[in-house]
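Topology and contacts: notes
If you want the building blocks of each chain, they are given just below.
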Amino acid sequence: MTGQSINERLGVAGSGAIACGLAAVAARTGEVVLWARSDTSAEKARGRIAKLIERCGWEIAAEVEVTTDLARLGEHSSYLVEAIVEELGDKTALIEQLKPHLAEDAILATTTSSLSVEELAAAAGCGERYAGLHVFNPVTKMDLVELVFPKAASEATRERSFALCEQLGKTAVEVPDLPGFVVNRLLFPFLFEAVRLREETGLEPAAVDSCLQLGAGHPMGPLALLDLVGLDVAQSIGNTIGAEVPPRIDELVADGALGRKSGRGFYTY
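Residues numbered from 1 in each chain as written. Predicted model: local features only at pLDDT ≥ 70, side-chain atom pairs only at ≥ 80, totals over all residues. Heavy atoms only, no water.

This next bit is on the pairing of strand β6 (residues 130–135). Counting buried positions along β6 yields six of six residues, so the element is predominantly enclosed. Every second residue of β6 is oriented toward a common face, with Y130, G132 and H134 on one face and A131, L133 and V135 on the other, all of them buried. Inspection of the sheet shows strand β5 (residues 107–110) paired to β6 by three bridges, in the parallel sense. The residue bridging A109 from the neighbouring strand is A131, located in β6. Chirality of the crossover, the property in question, places the unit of β5, helix α5 (residues 117–124) and β6 among those that are right-handed. Note: β6 against strand β7 (residues 144–148), four bridges, orientation antiparallel. When the bridges of β7 are listed, V135 appears paired with V145. (Buried < 20%, exposed > 50% of the residue type's maximum accessible area, 1.4 Å probe, protein only. Helix = DSSP H or I, 4+ residues; strand = E, 2+ residues; numbered from the N terminus. Pairing = 2+ DSSP bridges. Right-handed = clockwise from strand over helix to strand, strands pointing away.)

Looking now at the pairing of strand β3 (residues 64–67). Relative to β3, strand β2 (residues 32–35) is paired through four bridges, and the arrangement is parallel. The residue bridging V32 from the neighbouring strand is V64, located in β3. Read from β2 through helix α2 (residues 39–56) to β3, the crossover connection turns out right-handed.

What follows is about the packing of helix α10 (residues 231–241) against helix α11 (residues 247–254). With their axes 9 Å apart at the nearest point, α10 and α11 run at an angle of 135° to one another. The orientation of α10 relative to α11 falls into the category oblique. The two elements α10 and α11 meet at a crossing, and its hand is left-handed. Judged by residue contacts, L231, D232 and Q235 of α10 engage I249, D250, L252 and V253 from α11. In the contact of α10 with α11, the residues fall into four nonpolar, one polar and two charged. (Axes fitted to C-alpha atoms, helices over the stretch in contact; angles between N-to-C directions. Parallel < 35°, antiparallel > 145°, perpendicular 65-115°, else oblique. Left-handed = near helix turned anticlockwise from the far one by under 90°. Contact = heavy atoms within 4.5 Å. Nonpolar A, V, L, I, M, F, W, Y, C, P; charged D, E, K, R; others polar.)

Right, let's talk about the nonpolar core for a bit. Of all hydrophobic cores here, the largest spans 37 residues; its most connected members are L10, V12, L34, I49, V64, Y79 and L133. The element contributing the most residues to this core is helix α1 (residues 17–26), with seven residues. Those residues in contact with L10, other than ones at most four positions away along the chain, are L22, A26, E31, V32, V33, H76, S77, Y79, V81 and L164. Grouped together as the second largest cluster of nonpolar side chains are 23 residues, A13, A106, L108 and L115 included. (Core = buried A, V, L, I, M, F, W, Y, C linked by side-chain atoms within 4.5 Å.)

By secondary structure assignment, the location of E96 is in helix α4 (residues 88–98). Among the residues examined, E96 registers a relative accessible area of 42% and is labelled partly exposed.

Bringing the sheet that holds strand β4 (residues 79–82) into the picture now. Sheet architecture is open: eight strands sit in the order β3-β2-β1-β4-β5-β6-β7-β8, paired in mixed fashion. Single-partner strands in this sheet number two, and they are β3 and β8 (171–174). The mean angle between the axes of side-by-side strands here comes to 25°, regardless of whether they run parallel or antiparallel. Together, β5, β6 and β7 form the strand contacts of α5, whose direction differs from that of β6 by roughly 135°. Across the sheet, helix α6 (residues 155–167) lies against β1 (10–13), β4, β5, β6, β7 and β8, angled at about 25° from β6, the strand it touches most.

Treat this as a map of the structure, not an account of what it does.
Printed below as a string of structure tokens:
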């Protein structure tokens, strides 16, 4: 499907790595408003977005506006992407807060990587203009977007979602609304097997990763990738898709070793 020519006014709800990456990418084509939950989170998001843009050497069309005001986010956005923690209750609560501020024709999307888009759309009560927009971390480098639509999604929602991905310079692939979609459903059992292999053999993480990088052409080894994703996120995805999570990941998460974001995981950062 090819999208229609339209320049969406993108809004992003969230201030983590995915949200900031998405805002940085979108700033190349137009105005973006990003909502953060607190002043502290907003300040961190401004710094993170500026670093991403500088690191990529991009010329941007407009500075990203960071706000803590949901009304401002809603009034700006023709296409609003929720990009908060992978918890159904948290996402549902935020959607309820967002709905009064959205224009009647605004599309609401989620960056969920494992939750049911159909269920989230039902909670939003606007399935005809709802979409799953699964971008990948780091958003500034990864080309793929897995697009997922609830049954009620209108043709306009589908067309505008594909068009937005084109606007962002991404390649969109429509995938079924299954736990983990396509990439995570195939990827995480493999990543977990690398953890089990390491535990069984006593190999150093760097040895496991080097084997996959040099022998299979992977740009990043599986243990380094788990650290990048976040071991708590990996644990949650594993539980959602029904993959057996290795005990070692549970132990590390319980110890607060979540990967890069906490400074330690399989590696120390």
